[in-house]
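If you want the building blocks of each chain, they are given just below.
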Amino acid sequence: MNNFLRDLRLGVRTAFRSPGYSVVAVVTMALAIGANTLLFSIASPLVVRPLPLGDPDTIAWLRQTNGPRGVTVGRTSMPDYLDWRETAASFSDLAAREMGDGTLIGAGDARRVALARVTTNVQSVWGLSAVLGRLFQEGEDTPGRAPAGVISHRFWQEFFNSDPTVLGRTFSLDGQTLTIMGVMSPTVEFGNLALIDIWVPLPLDDNRPRDVRTLTVMGTMAPGATLESVGAEMSALASRLAVAYPTTNRDWEVSVLSARAAVTAADTWVILGLMGVVVFFVLLIACTGLANLARARLVGRKQDLTVRQALGASRLQLVRPLVSESLVLGVLGGRRRGTLLIVSQVAMALSLLVVSALAVQSMLHLRQTSVGLDVDRLMTFKFDLPTERYANDDQRRDFTQRLASELRAIPGARSAALVSHLPVLDPEVSRTFTGTERDGTQDGEQAWASWFAVTPSFFETSGVSLVARRLFEEGDGADRQPVAVLGRLTATRYFSDPASAVGRTVRMSGGNDDARLVTIVGVVEDTKNSNVTEVSPQVYVPLDQAPTSALTALVSSEAPSARITDARAVIRKIDAGLAITMPKTLAQIIDEQTSSGQIVNGVFVGFAGLALLLAAAGLYGVISFAVGQRRQEFGVRLALGAAPGEIRSMVVREGLKVSLIGVAVGLVLAWGMAVASASILYGITPEDPRTYVGVTLTVLTVALLAVWIPATRTMHADPLTSLRAD
């Protein structure tokens with residue numbers, strides 16, 4: 001122990017005598033360790049930390065998918081859920097959750113709250129518990145029963161200041177009396193569950209439409225059941241439902257996922273895998289750089305070690321101080337091995353830069369892609385009309401007409417409109433129809449479209465332009481012939497072209513609406529769907545002909561953020577008890593939805609830049625070391641008349657030769673990583689030549705700078721001094 005402490009003190013003194021070496025080594029290690037720590041902090045909640053759900057290994061998630069519609073992460077309707085719950089033998093219990101929001105009145109101003117409507121058995125499936133009061137009881141999800149509420153721990157702290165007397169208090173939630181029965185444990189507050197304010201029972205109403213899919217379903221697998229056996233049973237059940245209900249269930253299948261897979265998006269695994277490779281490369285580059293530093297330092301201390309050995313020091317006594325000084329750095333010798341390390345550093349840095357450049361360009365393409373709406377001029381907010389004050393369609397129509405008029409009158413507003421839900425941002429609501437030119441389309445696909453109910457000014461306000469015939473008019477009211485406007489894709493997929501679709505009458509059905517004949521009066525340009533990269537069929541109907549209580553308002557203005565306060569004032573003027581949610585500009589909402597991608601890109605770029613910096617430092621160190629080792633050779637060359645510029649050119653050529661080998665290896669490695677990340681790229685191919693050329697030139701430029709400085713020093717070397725050295 002005494003020997004170790006003595007060696008440690010010697011190592012500390014030696015490190016302080018060489019502050020340059022020590023600072024470089026410490027900074028290099030700190031950067032590499034920091035990169036690994038960052039990756040672990042990101043990955044830990046997803047792949048390491050246990051999910052706070054009872055026994056996650058016994059829980060399976062069920063998702064409905066539809067190949068023809070491109071739906072891979074779909075939800076479930078209430079009737080389908082009840083059928084599954086009744087007949088699926090692979091589950092001992094099956095629960096459902098529906099996310100939404102509501103207006104809470106009774107504690108200050110009316111406010112919008114995030115709701116989780118859940119079946120009462122979700123607490124046993126997920127293993128939930130209350131920190132105060134109780135959770136739900138059997139029978140509280142009976143339709144028509146006044147809801148009991150369980151508030152989230154976060155909402156209890158923020159809104160009620162952790163007041164334990166909140167239990168038993170009553171409020172108005174969307175016109176119904178809500179009694180607070182408990183406070184949910186904070187352990188469940190992860191992912192989007194952390195956004196929930198209040199948990200309420202989900203009424204088990206089998207009269208809800210079978211094609212309105214809003215439920216997330218999960219269950220406890222029966223003893224002996226596996227994901228594979230559950231999947232087989234659910235596929236068979238989906239086929240039976242498709243036969244029994246072809247209008248609503250044709251092409252809808254069921255996928256089964258583990259709890260871990262369900263709470264993590266598919267692209268997340270690709271991103272984490274790439275980040276793992278990136279961080280591994282950064283760590284490897286840092287280690288090779290430290291190894292080169294240690295090797296150069298060892299050669300510089302050759303005379304000191306020789307004297308120690310001559311004085312009788314054993315090998316162990318020679319090595320111990322070196323180990324104490326560098327702790328974990330290996331001692332590598334020989335110029336060939338140093339060259340190999342630099343090749344690997346350059347190759348890994350180039351591959352990381354290529355992948356990072358592709359990811360950044362992909363994000364830029366995504367941000368520059370038009371979603372079909374006038375994003376920069378729009379502000380929006382959502383609200384629900386309470387049934388106790390707006391009980392019938394006429395009252396809802398009166399309100400929407402007055403609100404649209406008041407919003408248009410706001411100073412600085414160009415136009416305003418109302419829509420049932422927003423294209424691009426909100427979950428899909430679809431309708432099916434018959435009577436097209438291509439009923440029974442390819443592979444038996446049923447004609448369908450994403451459905452929106454809008455006021456006549458919607459198209460002008462949102463920036464959706466006309467393709468054929470006309471838009472909605474004020475005369476398209478509730479007492480007139482039902483009409484519709486199609487998106488371009490709908491018109492071309494189910495009719496010959498937009499012009500031939502106009503004037504046709506189709507039978508539209510779905511949701512809470514009875515099937516009815518609708519005349520197509522126009523065609524407009526498409527908007528993107530919720531993934532911002534694709535277009536799906538779309539159909540619009542007048543809001544007066546399909547009134548709804550859940551609405552979204554749009555205001556167009558050159559300064560949309562300045563209209564938010566004005567919009568709040570309009571709502572207070574018309575109905576002071578009406579709460580609104582998400583009053584933001586459309587640009588803000590889209591930026592928030594893509595912010596995680598920007599963070600990931602920033603991490604990639606940061607790691608790639610770090611890798612290039614470490615590789616350049618390693619190349620500089622190796623060239624400097626090589627120059628030092630050959631100073632006698634250079635002295636002889638200079639003494640025999642060699643020009644200093646020739647010596648510099650020779651050193652630069654050798655450094656660039658090593659770099660070019662690294663570039664060649666790196667290009668192959670970069671291509672493999674780029675192909676592996678193709679699923680998360682948009683608007684750019686993994687083989688984009690401009691990216692590869694640009695990154696290659698960048699790496700070679702940095703490499704040239706790294707070798708130029710030590711090469712230039714050879715021009716100013718004194719031949720006599722070099723010949724007398726060692």
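What you see is a predicted model, and the numbers here were worked out from it, not measured in a lab.

Considerations on the overall build of the protein
When helices and strands are tallied, the protein shows 22 helices and 22 strands. Counting every position in the protein, which comprises 726 residues, the buried fraction comes to 48%. Considering only contacts within the protein whose residues lie at least 6 apart along the sequence, 80% involve residues at least 24 apart. Approximately 33400 Å² of the protein is accessible, and the part contributed by carbon and sulfur atoms is 57%.

Considerations on the pairing of strand β18 (residues 505-510)
Judged from the 3 bridges that link them, strand β14 (residues 430-434) and β18 form a sheet pairing that is antiparallel. Across the sheet, residue Phe433 finds its bridge partner in β18, namely Met508. Two strands pair when backbone bridges link them, and β18 and strand β19 (residues 513-524) are joined in this way by 5 bridges, in the antiparallel orientation. Paired with Gly510 across the bridge in β19 is Asp513.

Overview of the packing of helix α3 (residues 78-87) against helix α6 (residues 227-244)
It is at 11 Å that the axes of α3 and α6 come closest, and there the two elements cross at 130°. Accordingly, the angle class assigned to the pair α3 and α6 is oblique. Classified by chirality, the crossing of α6 by α3 is right-handed. In contact with Asp80, Asp83, Trp84 and Thr87 of α3, α6 contributes Glu233, Met234, Leu237 and Leu241. In terms of residue class, the contact of α3 with α6 is built from 4 nonpolar, 1 polar and 3 charged.

Things to note about the pattern of salt bridges
Per the stated rule, a full pass over the model turns up 22 salt bridges. Here Glu473 makes a salt bridge to Arg470, at a shortest N to O gap of 3.9 Å. When its relative accessible area of 44% is taken as the criterion, Glu473 is described as partly exposed. Overall, Arg470 belongs to the partly exposed group, its relative accessible area being 23%. Several salt bridges converge on common partners, so that one network encompasses Asp374, Arg377, Arg414 and Glu558.

A short note on the packing of helix α13 (residues 393-408) against helix α17 (residues 563-574)
Between α13 and α17, whose axes approach to 10 Å, the crossing angle comes to 140°. The orientation of α13 relative to α17 falls into the category oblique. In this structure, the crossing between α13 and α17 has a hand that is right-handed. Here Phe399, Arg402, Leu403, Glu406 and Leu407 of α13 lie close against α17, whose contacting residues are Ala567, Val570, Ile571, Lys573 and Ile574. Counted by class, the contact of α13 with α17 contains 7 nonpolar, no polar and 3 charged residues.

Considering the environment of Gln593
By secondary structure assignment, the location of Gln593 is in helix α18 (residues 586-629). Considering only alpha carbons, one finds Gln593 and Leu425, 168 residues apart in sequence, at a separation of 9.0 Å.

Remarks on helix α5 (residues 153-160)
Buried within α5 we find His153, Arg154, Phe155, Trp156 and Phe160. Where α5 terminates, the next one or two residues include Asn161, which has phi positive at roughly 55°.

Things to note about α13
In this model α13 runs 23 Å from its N-terminal to its C-terminal C-alpha over 16 residues, within 8% of the 22 Å that 1.5 Å per residue would give. Buried residues in α13 make contact with β12 (378-384), β13 (413-419), β21 (550-557) and α17. For α13, the N-terminal capping position is held by Asn392, with its side-chain oxygen 3.1 Å away from the main-chain nitrogen of Asp394.

Some points on the nonpolar core
Among the nonpolar cores identified, the biggest contains 45 residues, and Phe381, Phe383, Phe399, Leu403, Leu407, Leu486 and Met508 are the most heavily contacted of them. The residues touching Leu407, leaving out its near neighbours within four places in the chain, are Phe381, Ala413, Ala416, Ala553, Val555, Ala567 and Val570. If you look at the next biggest cluster of nonpolar residues, it comprises 36 residues, including Val282, Val354, Val603 and Met673.

Observations concerning the confidence of the model for the protein
A residue-level look at the protein finds 78% of positions with pLDDT of 70 or above and a mean pLDDT of 81. When the criterion is pLDDT under 50, residues 327-334 qualifies, and its contacts beyond four places in sequence or with other chains add up to 13 contacts.

Here we look at the packing of aromatic side chains
Under the criterion given, the structure shown has 15 aromatic pairs. A ring pair is formed by Trp61 and Trp126, whose centres lie 6.1 Å apart and whose planes are at 25°; its orientation type is stacked. With Trp61 in strand β1 (residues 59-66) and Trp126 in helix α4 (residues 122-126), this residue pair connects regions lying 65 residues apart in the sequence. Each member of the pair, Trp61 together with Trp126, is buried. The interplanar angle of 80° and the centroid separation of 5.0 Å between the aromatic rings of Phe159 and Phe160 together place this pair among those described as edge-to-face. For Phe159, a relative accessible area of 22% gives the class partly exposed. Since its relative accessible area comes to 8%, Phe160 is described here as buried. Pairwise contacts between aromatic rings join Phe452, Phe458, Phe459, Phe472 and Tyr540 into one cluster. Positioned over the ring face of Tyr245 is Arg210, at 3.7 Å from the centre of the ring. If you follow Arg213 out to its NZ or CZ, it ends over the ring of Trp252, 3.9 Å from the centre.

Considerations on the environment of Pro482
Along the chain, the position of Pro482 falls in the loop between β16 (466-469) and β17 (483-487). For Pro482, a relative accessible area of 19% puts it in the buried group. Put simply, Pro482 and Arg516 are 34 residues apart on the chain and 8.1 Å apart in space, counted from C-alpha to C-alpha.

Here's the deal with the side chain of Asn66
Along the chain, the position of Asn66 falls in strand β1. The exposure class of Asn66 is buried, given its relative accessible area of 1%. Sequence-distant contacts of Asn66, that is, excluding residues within four places in its chain, are made with Val71, Arg250, Asp251 and Trp252.

What about unusual backbone geometry?
Phi is positive for Ser162, close to 60°, though the residue is something other than glycine. The residue Ser162 is located in the loop between α5 and β7 (170-173) in this model. Ser162 sits in the partly exposed class, given a relative accessible area of 29%. Positive phi is not limited to glycine here, since Val424 has a value of about 80°. Residue position: Val424 is located in the loop between β13 and β14.

Section: the environment of Leu215
With respect to the element layout, Leu215 can be found in the loop between β9 (198-201) and β10 (216-221). Taking relative accessible area as the criterion, Leu215 reaches 1% and is therefore assigned buried. Each C-alpha atom, one on Leu215 and one on Leu202, is 9.9 Å from the other, the two residues being 13 residues apart in sequence. Discounting residues that sit within four places of it in the chain, Leu215 has contacts with Arg75, Thr76, Ser77, Met78, Tyr81, Ala96, Arg97, Glu98 and Leu202.

Cut-off values and rules
Residues numbered from 1 in each chain as written. Predicted model: local features only at pLDDT ≥ 70, side-chain atom pairs only at ≥ 80, totals over all residues. Heavy atoms only, no water. Helix = DSSP H or I, 4+ residues; strand = E, 2+ residues; numbered from the N terminus. Buried < 20%, exposed > 50% of the residue type's maximum accessible area, 1.4 Å probe, protein only. Contact = heavy atoms within 4.5 Å. Areas by Shrake-Rupley, 256 points an atom, 1.4 Å probe, with all protein chains shown as cover. Pairing = 2+ DSSP bridges. Axes fitted to C-alpha atoms, helices over the stretch in contact; angles between N-to-C directions. Parallel < 35°, antiparallel > 145°, perpendicular 65-115°, else oblique. Left-handed = near helix turned anticlockwise from the far one by under 90°. Nonpolar A, V, L, I, M, F, W, Y, C, P; charged D, E, K, R; others polar. Salt bridge = Lys/Arg side-chain N within 4 Å of Asp/Glu carboxyl O. Expected span 1.5 Å × (residues − 1). Polar contact = N/O pair within 3.5 Å; in protein donor to acceptor, adjacent residues only side chain to side chain. Core = buried A, V, L, I, M, F, W, Y, C linked by side-chain atoms within 4.5 Å. pLDDT = per-residue confidence, 0-100. Phe/Tyr/Trp six-rings, centres within 6.5 Å; stacked < 30°, edge-to-face > 60°. Lys NZ or Arg CZ within 6 Å of the ring centre and 35° of its normal.

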